[in-house]
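# Structural description and commentary
One letter stands for each residue in the lines below.
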Amino acid sequence: MSAQPDHAPVTSYAPAPGAPAELLARLRADARADAWVPAFEREWAAALEESRRTFSLAPLYEVLQEWQGRLASAPAVDAFVASGYDDSDFIDMAKLRGRRR
């Protein structure tokens, strides 16, 4: 018999116990620390509360995965912005959605 209920989502990702602290240290060392650290801490606190309420670690794992992805993709985003690529023909989907109403 499994100790986990049938309805609980199974996560394929289980970070190391020190992963949140390591991620926070990397965020603090990044040039975007002023914006990213408070945002991570807010999301982490919300996920921690959700985990306490649901008895699931999935919300915490999701926050870690999202922020690890943001941190990993930051150099590519910086390179794109620095390349001077002309994105003036960008389609603003929010504006398009607003016009349909």
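In the block above lies the structure referred to throughout.
What comes next is a walk through the structure. (Residues numbered from 1 in each chain as written. Predicted model: local features only at pLDDT ≥ 70, side-chain atom pairs only at ≥ 80, totals over all residues. Heavy atoms only, no water.)

## Structural notes on the pattern of salt bridges
The full count for this structure, using the stated rule, is 6 salt bridges. Residues R28 and E41 are paired through a salt bridge, measuring 3.4 Å at the closest nitrogen-oxygen approach. Linking R28 in helix α1 (residues 19-29) with E41 in helix α2 (residues 33-54), this pair joins segments that are 13 residues apart in sequence. For R53, the salt bridge goes to E50, with nearest N and O atoms at 2.7 Å. Highlighted residues: R53 and E50, both in helix α2, separated by 3 residues, approximately one helical turn. We classify E50 as partly exposed; its relative accessible area is 29%. The network of salt bridges with shared partners includes D30, R32 and D78. (Salt bridge = Lys/Arg side-chain N within 4 Å of Asp/Glu carboxyl O. Helix = DSSP H or I, 4+ residues; strand = E, 2+ residues; numbered from the N terminus. Buried < 20%, exposed > 50% of the residue type's maximum accessible area, 1.4 Å probe, protein only.)

## A short note on the nonpolar core
L23, L27, W36, F40 and W67 are the most contacted members of the largest nonpolar core, which has 16 residues in total. Those residues in contact with L23, other than ones at most four positions away along the chain, are F40, L64, W67, Q68 and L71. (Core = buried A, V, L, I, M, F, W, Y, C linked by side-chain atoms within 4.5 Å. Contact = heavy atoms within 4.5 Å.)

## Here we look at the packing of α2 against helix α3 (residues 58-82)
Running from amino to carboxyl end, α2 crosses α3 at an angle of 160°, the nearest separation of the two axes being 8 Å. Overall, the two elements α2 and α3 adopt an arrangement that is roughly antiparallel. Contacts between α2 and α3 involve W36, A39, F40, E43, W44, A47, L48, E50 and S51 from the first element and P59, L60, V63, L64, E66, W67, R70, L71 and A74 from the second. Tallied by class, residues from the contact of α2 with α3 come to 13 nonpolar, 1 polar and 4 charged. (Axes fitted to C-alpha atoms, helices over the stretch in contact; angles between N-to-C directions. Parallel < 35°, antiparallel > 145°, perpendicular 65-115°, else oblique. Nonpolar A, V, L, I, M, F, W, Y, C, P; charged D, E, K, R; others polar.)

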